[in-house]
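# Structural features, examined
Read off the chains here:
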Amino acid sequence: VQLQASGGGLVQAGGFLRLSCVVSGSIHKIDAMAWYRQAPGKERELVAEITDSGNTNYASSVKGRFTISRINAKKAIDLQMNSLKFEDTAAYYCLATVVSRIYTGDVWGKGTQVTVSS
């Protein structure tokens, strides 16, 4: 089971980016999926999460600016990031809680870098 994240890049403050994360591999079920981020010198923090039933939760710092969505048929989630701020600069990681024949638990994707210029 692997997660592939994409969509990072360099953007000016006030701009927008859309991140995508796709789960590959043979799995029975995907429970919650989430985006985390980690800025240099800081701990990894939750940005947004979405359950298999579509319930969402956001960090207070991104609420109202970021939207997480889930495409179950594609085993994917997106993160629409609007009104980006300099402090949103970080490596963004996706996480999925999966159930498969050989593994049940959390799987992390490799990070995708988001850089917001002020």
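See the structure shown above.
Residues numbered from 1 in each chain as written. Predicted model: local features only at pLDDT ≥ 70, side-chain atom pairs only at ≥ 80, totals over all residues. Heavy atoms only, no water.

### Here's the deal with the state of the cysteines
Counted by the stated rule, this structure contains one disulfide. Two residues, Cys21 and Cys94, share a disulfide whose sulfurs are 2.1 Å apart. Its S-S torsion of approximately 60° makes the covalent link between Cys21 and Cys94 right-handed. One end of the pair, Cys21, is in strand 3 (residues 17-24); the other, Cys94, is in strand 9 (residues 90-99), and 73 residues separate them in sequence. Accessibility assignment for this pair places Cys21 and Cys94 in one class, buried. (Disulfide = S-S within 2.5 Å. Helix = DSSP H or I, 4+ residues; strand = E, 2+ residues; numbered from the N terminus. Buried < 20%, exposed > 50% of the residue type's maximum accessible area, 1.4 Å probe, protein only.)

### A few points about the nonpolar core
Trp35, Leu79, Met81 and Tyr92 are the most contacted members of the largest nonpolar core, which has 32 residues in total. Where this core is concerned, the elements lending two or more residues are strand 1 (2-6), strand 3, strand 4 (29-38), strand 5 (45-50), strand 7 (66-71), strand 8 (76-81), strand 9 and strand 11 (112-117). Counting residues per element, this core draws most heavily on strand 9, which supplies five residues. The contact partners of Leu79, leaving out residues within four places of it in the chain, are Leu17, Arg18, Leu19, Trp35, Val47, Ala48, Phe66, Thr67, Ile68 and Tyr92. (Core = buried A, V, L, I, M, F, W, Y, C linked by side-chain atoms within 4.5 Å. Contact = heavy atoms within 4.5 Å.)

### Side note on the sheet that holds strand 1
As summarised here, the arrangement of the four strands in space is 1-3-8-7, forming an open sheet in which the pairing is antiparallel. The sheet is open, and its two edges are formed by strand 1 and strand 7, each paired on a single side. In this sheet, adjacent strand axes meet at a mean angle of 15° when their direction is disregarded. Here strand 3 runs beside strand 8; their pairing, made up of six bridges, is antiparallel. Its bridge partner lying in strand 8, Arg18 is registered against Gln80. (Pairing = 2+ DSSP bridges. Axes fitted to C-alpha atoms, helices over the stretch in contact; angles between N-to-C directions.)

Honestly, it's all geometry; don't read function into it.
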